[in-house]
Amino acid sequence: MVGVTFQHGDEIEILKSIKNKLLRLPEDTLVYPGHGDAGIIVEEKEVYE
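Not measured: the values here are computed from a predicted model. (Residues numbered from 1 in each chain as written. Predicted model: local features only at pLDDT ≥ 70, side-chain atom pairs only at ≥ 80, totals over all residues. Heavy atoms only, no water.)

Caption draft 1: Here's a closer look at the nonpolar core. By size, the foremost hydrophobic cluster in this structure holds 5 residues: I14, I18, L23, V31 and I41. With residues up to four places along the chain from it excluded, the contact list for I41 reads L22, L23, L25, P26, E27, T29 and V31. (Core = buried A, V, L, I, M, F, W, Y, C linked by side-chain atoms within 4.5 Å. Buried < 20%, exposed > 50% of the residue type's maximum accessible area, 1.4 Å probe, protein only. Contact = heavy atoms within 4.5 Å.)

Okay, here's the thing in structure tokens:
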């Protein structure tokens, strides 16, 4: 499973949200996950696309 959510949703919904909301941001957008190091959207695209 990707991450933990305290809202309703399953892994498929979480992945859809990542692709439809986060990965549409400019590639140089700084992101702060709930764990691990900060990064930029272009690095996340490498993982989720």
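Caption draft 2: Fine view of the environment of R24. Relative to the helices and strands, R24 resides in the loop between helix 1 (11–22) and strand 1 (30–31). For the pair R24 and K45, spaced 21 residues apart in sequence, the C-alpha to C-alpha distance is 9.5 Å. There is a polar contact of 3.4 Å between the side chain of R24 and the backbone oxygen of N20. (Helix = DSSP H or I, 4+ residues; strand = E, 2+ residues; numbered from the N terminus. Polar contact = N/O pair within 3.5 Å; in protein donor to acceptor, adjacent residues only side chain to side chain.)

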